[in-house]
Amino acid sequence: MTLRLRPLTGDGSPPVEGSYPQAVEVTGATRWLFVSGQVPTAPDGSLATDFRGQCEQVWDNLETQLAAAGMTLDNLVKITTFLADRDDAMENRAVRLARLGGRQPALTVIVTGIFDAAWKVEIEAVAAG
């Protein structure tokens, strides 16, 4: 059986802010990958000071972990994004939409303190293959 991800939004669901489904049904998966929170540190240890730079680095780091398992963004089932500042929500959405290119994994965004005060964003994910 081939992996199939089906975005779902049940009848009577409240409207969503942004582009994501209320749920994602997974069928045909033989492997699951749980990706720990990816932080905005580059492989050389550097850290961008602006939100967009940090957000792009987090996505690069996430894709690196997916590739290590032989997966891509197509395998993403669930993304949880942690933002240090709610004022970055719209820019986060813009980067996410550009990186996902129409893919629709389930999504949660949480505004909270992050482990390192210099980090503006962290993303954890679940993928299936």
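Scroll up a little and you will see the structure.
My aim in this report is to walk through the structure given alongside it, one point at a time. (Residues numbered from 1 in each chain as written. Predicted model: local features only at pLDDT ≥ 70, side-chain atom pairs only at ≥ 80, totals over all residues. Heavy atoms only, no water.)

### Points about the overall build of the chain
Quick note on the threshold: Helix and strand labels come from DSSP, where a helix needs a run of H or I of at least four residues and a strand needs a run of E of at least two; each type is numbered from the N terminus. The globule rule used here is 2.2 Å times the number of residues to the 0.38 power, and the radius of gyration it is set against is calculated over C-alpha atoms. Relative accessibility decides the category of a residue: with a 1.4 Å probe and only protein chains considered, values under 20% of the type maximum give buried, values over 50% give exposed, and everything between is partly exposed. Should any heavy atoms of two residues lie within 4.5 Å, those residues are counted as being in contact. With residues, only the protein chains shown are counted as cover, and all accessible areas are computed by Shrake-Rupley using a 1.4 Å probe.
Secondary structure assignment for the chain yields two helices and six strands. For 129 residues, the compact-globule estimate of 2.2 N^0.38 gives 14 Å, and the C-alpha radius of gyration of the chain, at 15 Å, lies within 12% of that figure. The principal-axis extents of the C-alpha atoms in the chain amount to approximately 45 × 35 × 25 Å. For the chain, the residues scored as buried account for 35% of the 129 residues in total. A separation threshold of at least 6 residues defines the contact pool for the chain, and within that pool the share at least 24 residues apart is 75%. Surface summary for the chain: the accessible area is close to 7,100 Å², and the carbon and sulfur share equals 51%.

### Here we look at the pattern of salt bridges
Stated precisely, the cut-off is as follows: The salt bridge criterion pairs a side-chain nitrogen of Lys or Arg with a carboxyl oxygen of Asp or Glu, the two atoms within 4 Å.
Throughout the structure, instances matching the rule amount to seven salt bridges. Close ionic contact of Glu 56 with Arg 52 constitutes a salt bridge, the shortest N to O distance being 3.8 Å. Of this pair, Glu 56 and Arg 52 both sit in helix H1 (residues 51-68), four residues apart, which is roughly one turn of the helix. The class of Glu 56 is partly exposed, set by a relative accessible area of 25%. In this structure, Asp 74 and Arg 103 form a salt bridge, with 2.6 Å as the shortest nitrogen-oxygen distance. With Asp 74 in the loop between H1 and strand E4 (76-83) and Arg 103 in the loop between helix H2 (89-100) and strand E5 (106-111), this residue pair connects regions lying 29 residues apart in the sequence.

### Brief notes about the pairing of strand E6 (residues 121-128)
Our working definition: For two strands to count as paired, DSSP must find a minimum of two bridges between them.
The buried fraction of E6 amounts to seven of the eight residues, a majority that puts the element mostly inside the structure. For strand E3 (residues 32-38) and E6, the ladder comprises five bridges, and the chain directions are antiparallel. From the neighbouring strand, Trp 32 faces E6, where its bridge partner is Ala 128. Pairing between E4 and E6: seven bridges, direction antiparallel. Bridge assignment links Phe 82 to a residue of E6, and that residue is Glu 122.

### Describing the packing of aromatic side chains
Rules: Two rings belonging to Phe, Tyr or Trp (six-membered ring only in the last case) form a pair when the distance between their centres is within 6.5 Å. Interplanar angles under 30 degrees mark stacking, angles over 60 mark edge-to-face geometry, and anything in between is tilted.
In total, this model carries one aromatic pair according to the counting rule given. Relative to Trp 119, the ring of Phe 115 lies with its centre 6.2 Å away and its plane at 40°, an arrangement referred to as tilted.

### Observations regarding H1
Since the α-helix advances by 3.6 residues per turn, residues separated by three or four positions end up pointing in the same direction. Inclusion rule: The span expected for a helix works out to 1.5 Å for each residue beyond the first.
The end-to-end C-alpha distance of H1, which contains 18 residues, comes to 26 Å, matching closely the 26 Å that a straight helix rising 1.5 Å per residue would cover. In the segment just after H1, Gly 70 is the residue with positive phi, at about 70°.

### Considerations on the sheet that holds E3
In any sheet, the strands associate via hydrogen bonds between backbone groups, in a parallel or an antiparallel arrangement. Put simply, the rule reads: Axis lines are fitted through C-alpha atoms, for helices just across the contact stretch, and the angle between N-to-C directions can take any value from 0 to 180 degrees.
On the basis of which strands lie adjacent, the open sheet formed by four strands has the order E3-E6-E4-E5 and mixed pairing. A single partner strand is all that each edge strand has here, and the edge strands are E3 and E5. Pairs of neighbouring strands in the sheet enclose a mean axial angle of 10°, with direction left out of account. In this fold H1 packs onto E3, E4 and E6, with an angle of close to 25° to the strand it touches most, E6. Sitting on the sheet, H2 touches E4, E5 and E6, and the angle it makes with E4 is about 155°.

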